[in-house]
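# Survey of secondary and tertiary structure
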There are 2 protein chains.
Amino acid sequence: MALRNAILATLLDGESSGYDLAKSFNASVANFWTATPQQLYRELDKMESQGLVAARVVEQQRRPTKRLFSLTDAGAAELAEFTTRAPKPTAIRDELLVQVQALEAGDDKEVRRAVADRMAVAETKLKRFERLRERLLGESAEAEFLATAPRVGPYLTLARGIAFEQENIRWCETVLAVLDRRAGGDRLG
Amino acid sequence: MALRNAILATLLDGESSGYDLAKSFNASVANFWTATPQQLYRELDKMESQGLVAARVVEQQRRPTKRLFSLTDAGAAELAEFTTRAPKPTAIRDELLVQVQALEAGDDKEVRRAVADRMAVAETKLKRFERLRERLLGESAEAEFLATAPRVGPYLTLARGIAFEQENIRWCETVLAVLDRRAGGDRLG
DNA sequence: TCCTCATAGTCAACTTGTTGAGTAGATGCC
DNA sequence: GGCATCTACTCAACAAGTTGACTATGAGGA
């Protein structure tokens, strides 16, 4: 039920096609939820049949016809009700951490490479998130924005994403340093 | 395939029953992967039939018979190979963040409560992780441990979990402060 | 004595998420 | 001129994760 509500929350920003949702689920929404295009189309169809979203077919010149989805009153009510339900507890779920856990039983050079790759990805994401943050803030200072902006939800979730990626980068640096020191020690020993 | 390898990595610490694994997946392994008992039993059966783990039936007095699983050579090889494969990218997946994103369309008092609950959970987890950390370190200082300990994988993943929970707590504090300030402003305005 | 909790699981049904391929027109690039 | 890329989807099959109920035994407390 969380994917459904993540979609509804995204539609608060206005109507959107499945295709556009798929892209925004790789940009802003990716701070707190991910989904493949398949999941989105399936869920949108289901929600349309349940009256939570309304589809409007838009014929385009030079492009395939698309369907634009928007929140209905029932959809907004479902979303509001969702905010009152206890959220599931969460935890990191990361194959890279499984690999680091198994470090000594595996290939430490490959793991080192995977950690370095992850750090590069995190840096790219962080930059994207920070540009998004600038755009959200506009001219305002953070404190002013948080006190006066009509919608602070997206800013707060973005802040969580930024902190997560910063933490990722810091952790990757630590792991790389430890691996290098230990590899160096091996050569000496 | 990540659950499978998370189980194999856990069995590096020695043989374990499904029941014990279920408990450790709520303690230490929860830093980087979660699983329900159902998933574990299913996966253990599959892995046994594929020769990745070996089961040893232990009859107990005063307790139900249990099966203790241990790594086979094939299982260790599979785990080693897993560390060479590119890990999937990861992201936060958190219903609470979906709720915060939908803040202005939902019930802000309920969301506030959910954030406060999450903060309490994070604090409990953090304390547990820090006790675990002390136990892992033993008498050593961190730098010494990282340079000389035979296995640093579990320490490094635990460090990631600790940082994650600290970041959670900090973020929850921010969100609570913002919500309170805005609720206060409403009363004044 | 009954009730709850801990141990140690099994079974079935369901939802959610992933993978890969296919359709089809338009634009851009070399 | 041809080939890749972008838009905008659809279909099918599978893998992974969740939920709830059920079996059995023993220990500890009210």
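Refer to the structure presented above.
Since the structure is predicted, the reported quantities are computational estimates derived from the model, not experimental observations.

## Quick look at the interface of chain B and chain A
Residue-level contacts link 64 residues of chain B with 64 residues of chain A. With 17 residues, the top contributor of residues to the side of chain B that touches chain A is helix α8 (residues 153-188) of chain B. Class assignment of the residues belonging to the side of chain B that touches chain A gives a composition of 38 nonpolar, 14 polar and 12 charged.

## Quick look at the protein's contact with DNA strand C
Near DNA strand C lie 18 residues; those nearest to it are Leu3(A), Gln38(A), Arg62(A), Ser17(B) and Lys66(B). Put simply, the parts of the chain that give the surface near DNA strand C at least two residues each are α3 (37-49) of chain A together with α2 (18-24), α3 (37-49) and β3 (66-71) of chain B. Looking at the surface near DNA strand C, the element that brings in the most residues is α3(B), giving 3 residues. Grouping the constituent residues of the surface near DNA strand C by class yields 7 nonpolar, 7 polar and 4 charged.

## Some details on the pairing of strand β3 (residues 66-71) of chain A
If a strand is regular, its side chains alternate between the two faces of the sheet. Residue and element names in this part refer to chain A. Pairing of strand β1 (residues 16-17) with β3 involves 2 bridges; the strand directions are antiparallel. Across the sheet, residue Ser-16 finds its bridge partner in β3, namely Phe-69. One ladder, built from 6 bridges, connects strand β2 (residues 53-58) with β3; its direction is antiparallel. Note on β3: the bridge partner recorded for Arg-56 is Leu-68.

## Examining the relation of the copies chain B and chain A
Placing chain B over chain A gives an RMSD of 0.1 Å and needs a rotation angle of 180°, together with 0.0 Å of translation along the axis. Here the transformation between the copies is reduced to the relation of a two-fold axis. When you check the interface residues of chain B against chain A, 100% turn up at the interface there too, and the contact is symmetric in its surfaces.

## A closer look at the protein's contact with DNA strand D
Near DNA strand D lie 19 residues; those nearest to it are Ser17(A), Tyr19(A), Lys66(A), Leu3(B) and Gln38(B). Elements with a minimum of two residues in the surface near DNA strand D: α2 (18-24), α3 and β3 of chain A together with α3 of chain B. Looking at the surface near DNA strand D element by element, the count peaks at 3 residues for α3(A). For the surface near DNA strand D, a count of residues per class yields 8 nonpolar, 7 polar and 4 charged.

## Observations regarding the environment of Thr124(B)
Residue and element names in this part refer to chain B. Looking at the element boundaries, Thr-124 is found in helix α6 (residues 108-137). For Thr-124, a count of 11 C-beta atoms within 10 Å puts it in the exposed group. Counting along the chain gives 41 residues from Thr-124 to Glu-165, while the straight-line C-alpha distance between them is 9.4 Å.

## Regarding α6(B)
Residue and element names in this part refer to chain B. Helix length check: α6 (30 residues) gives 42 Å between terminal C-alpha atoms against 44 Å at 1.5 Å per residue, within 8%. Of all the residues in α6, the buried ones are Val-111, Ala-114, Val-115, Arg-118, Ala-122, Lys-125 and Phe-129. Trailing α6 by a residue or two, Gly-138 shows a phi angle of about 65°, which is positive.

## Side note on α3(B)
All names here are of chain B. In this model, α3 (13 residues) spans 18 Å end to end at C-alpha, consistent with the 18 Å of a helix rising 1.5 Å per residue. Along α3, the residues classified as buried are Leu-40, Glu-43, Leu-44 and Met-47. Buried residues of α3, seen end-on, are gathered within an arc of 105° and therefore sit on one face of the element. Turned more than 90 degrees off the buried face of α3, the exposed positions are Gln-38, Lys-46 and Ser-49. In this structure, the buried residues of α3 make contact with α1 (2-11), α2, β2 (53-58) and β3. Positive phi appears at Gly-51, one or two residues downstream of α3, with a value of about 80°.

Rules behind the numbers
Residues numbered from 1 in each chain as written. Chains lettered and ligands numbered in written order. Predicted model: local features only at pLDDT ≥ 70, side-chain atom pairs only at ≥ 80, totals over all residues. Contact = placed C-beta atoms within 7 Å. Helix = DSSP H or I, 4+ residues; strand = E, 2+ residues; numbered from the N terminus. Nonpolar A, V, L, I, M, F, W, Y, C, P; charged D, E, K, R; others polar. Near = placed C-beta within 6 Å. Pairing = 2+ DSSP bridges. Least-squares fit on C-alpha atoms with pLDDT ≥ 70 in both. Buried ≥ 20, exposed ≤ 12 C-beta atoms within 10 Å, placed from the backbone. Expected span 1.5 Å × (residues − 1). Arc of directions from axis to C-beta.

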